[in-house]
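# Overview (structure and organization)
Residue-level listing of the chains:
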Amino acid sequence: MERFARRRGAYGPDMGVSFVSGADAVSLPLRGRQAGDHPSERRTGVSDTTGGAAHPGRPRLTELRLSAFARHRRAAFPLGPLTLLTGPSGCGKTSALRAYEALARLGGGAGVGEAFRDPVAYVPERARPDAQRRRGFRVGCTADGPEGPVRLDVAVQAEPELRIVGERLSAGGLVLLETALRDPSRPFVQAAWHTAGQSPVTRAPLPDDRLGTALLPLRVAGKTDGQRRVLAAAEQMVVALRSVFACDPRPERMRAAVPAGSGRLLGGCDNLAEVLWRTRAECGQRHALLVAAARAGCAGPVADVLAEVLADGTVRGVLDRGDGVRTELGRLGDGELRHLALSLVLLTGPGVLEVDPAGEVPAAMQTLTVLADGLDRGLDPAQLRELTGLAARMCERGHIRLLGAVSDASGVSGTAGVSVVHLEP
């Protein structure tokens, strides 16, 4: 990771791709511009009370762009340490989170089919196919960190076959990597990346089912200053993207006893009891914070949160009421269970959550991003305020970030450390 400390720079030819015709064309005008500096790119309304806290040593996403994705057109969402997307049903909160998760999967090396499992659903509804019956969508993001803002834009063809047909990685207004589909009959895109040696640009084919940025460390030698700039920017983007935990606790799955397993929390928090068994013994300080969160979010007294091993070897979670009574988690309400599970997520990290962190990168350089769709589902206003306050305190430390979707953020929009992005239908 010493390449993070090297000087920034970028270069590249003006390449582009368009595979949809008409007013709703999904094209990728790759100009190497900075995020949000085009007048047609709409930045949604945002109220920010983060106080400007920064952790420049940790790569992190600062903007999500949905140029043409599902119902979004030319949308740019600023991302702070704790960002809540809010708006009426149908305004695109869930699709924004899915776009972020898909980019994270691509950054981790997943194929485009794994990242976008239902790609046709993300094609803008009014997008018309071109003469070859091709339609698609465009997404992008900006990652800040030691290399400064690095911008990634990706064009995906969804029909008639799924493939990445254009990609641009840029920094400082200059292009570092650019790909374009030249021959639709072959499963490759033509890539060009900055070299700054005897040849200013290196050209080579890359597979059309993978993100080129994630493949660069395997293809670029890093012998010239230009190559090292490319690698540093690509590494910053990949590290910022890949550590993501998509979380949507399902109370109906959390009530029953569960078998002992890996001790890593699943995205639906089905195995909450098993993870409680592990975390209670591993860190007393964080467990005390979890007990305090349970006390704030659950009805009645709470002296402890623990797990019990039953005769058949399964594990169930309980609340110790402090008077000799233990309440099984199965007796709790949906809001209580979701509040408890989300609090546990915020108080733990990659070693406990079912995520794939960048093992080759020091933990001090990584930031885990939690994606929480329906963050306020089942929570009463007091529970949401308590959970948001806990999230703000944890995000302030810099090792965790939260992007959540809520139906109504009026009760927490003034909370210090919370950025609220208002989406319109």
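Here's a quick rundown of the structure. (Residues numbered from 1 in each chain as written. Predicted model: local features only at pLDDT ≥ 70, side-chain atom pairs only at ≥ 80, totals over all residues. Heavy atoms only, no water.)

### Concerning the overall build of the protein chain
- Helices and strands together make up the secondary structure of the protein chain, namely nine helices and 23 strands.
- For the protein chain, buried positions account for 56% of its 425 residues.
- Summarising the internal contacts of the protein chain: among those between residues at least 6 apart in sequence, 65% fall at separations of at least 24.
- With the model as given, the accessible surface of the protein chain reaches about 17,300 Å², and the carbon-plus-sulfur share is 49%. (Helix = DSSP H or I, 4+ residues; strand = E, 2+ residues; numbered from the N terminus. Buried < 20%, exposed > 50% of the residue type's maximum accessible area, 1.4 Å probe, protein only. Contact = heavy atoms within 4.5 Å. Areas by Shrake-Rupley, 256 points an atom, 1.4 Å probe, with all protein chains shown as cover.)

### Here we look at the pattern of salt bridges
- In this structure the tally under the stated criterion is 22 salt bridges.
- For Arg-134, the salt bridge goes to Asp-130, with nearest N and O atoms at 2.9 Å. The residues Arg-134 and Asp-130 share a single accessibility class, namely buried.
- A salt bridge links Asp-270 to Arg-253, with the shortest nitrogen-to-oxygen separation between them at 3.8 Å. Taken as a pair, Asp-270 in the loop between β17 (258-259) and α6 (272-282) and Arg-253 in helix α5 (residues 251-254) lie far apart in primary sequence, 17 residues in all. (Salt bridge = Lys/Arg side-chain N within 4 Å of Asp/Glu carboxyl O.)

### Some words on the packing of helix α1 (residues 93-107) against helix α4 (residues 225-242)
- The N-to-C vectors of α1 and α4 enclose an angle of 125 degrees; their axes lie 8 Å apart at closest approach. Looking at the two axes, α1 sits oblique to α4. In this structure, the crossing between α1 and α4 has a hand that is left-handed. On α4, the residues touching Leu-103, Ala-104 and Gly-107 of α1 are Val-238, Leu-241 and Arg-242.
- Taken together, the residues that form the contact of α1 with α4 break down as four nonpolar, one polar and one charged. (Axes fitted to C-alpha atoms, helices over the stretch in contact; angles between N-to-C directions. Parallel < 35°, antiparallel > 145°, perpendicular 65-115°, else oblique. Left-handed = near helix turned anticlockwise from the far one by under 90°. Nonpolar A, V, L, I, M, F, W, Y, C, P; charged D, E, K, R; others polar.)

### Examining the pairing of strand β18 (residues 304-309)
- With respect to burial, β18 is a largely interior element, five of its six residues being buried.
- Relative to strand β19 (residues 314-320), β18 is paired through six bridges, and the arrangement is antiparallel. Bridging across to β19, Val-309 finds its partner in Val-315.
- Linkage of β18 to β19, two consecutive antiparallel strands, is achieved through a turn of four residues, within which Gly-313 is found at a positive phi near 90 degrees. (Pairing = 2+ DSSP bridges.)

### As for the pairing of strand β13 (residues 174-180)
- Burial runs high along β13: six of the seven residues are buried.
- As defined by bridge partners, strand β12 (residues 163-171) adjoins β13 across six bridges and the pair is classed as antiparallel. When the bridges of β13 are listed, Ser-170 appears paired with Val-175.
- As judged from the four bridges shared by β13 and strand β14 (residues 188-194), these two strands associate in the antiparallel manner. Bridged to Thr-179 within β14 is Ala-191.

### Thoughts on the side chain of Ser-343
- On the secondary structure map, Ser-343 appears in helix α8 (residues 334-347).
- For Ser-343, a relative accessible area of 1% gives the class buried.
- When residues no more than four places from it in sequence are discounted, the contact partners of Ser-343 are Leu-290, Ala-293, Leu-387 and Leu-390.

### Overview of the environment of Thr-348
- If you trace the backbone, Thr-348 turns up in the loop between α8 and β21 (368-372).
- Along the chain, Thr-348 and Met-394 lie 46 residues apart, while their C-alpha atoms are 9.9 Å from each other.
- Ignoring anything within four residues of it in the chain, the contact list for Thr-348 reads Thr-279, Arg-286, Leu-353 and His-399.
- Among the polar contacts listed, one links the side chain of Thr-348 to the backbone oxygen of Leu-344, at a separation of 3.0 Å. (Polar contact = N/O pair within 3.5 Å; in protein donor to acceptor, adjacent residues only side chain to side chain.)

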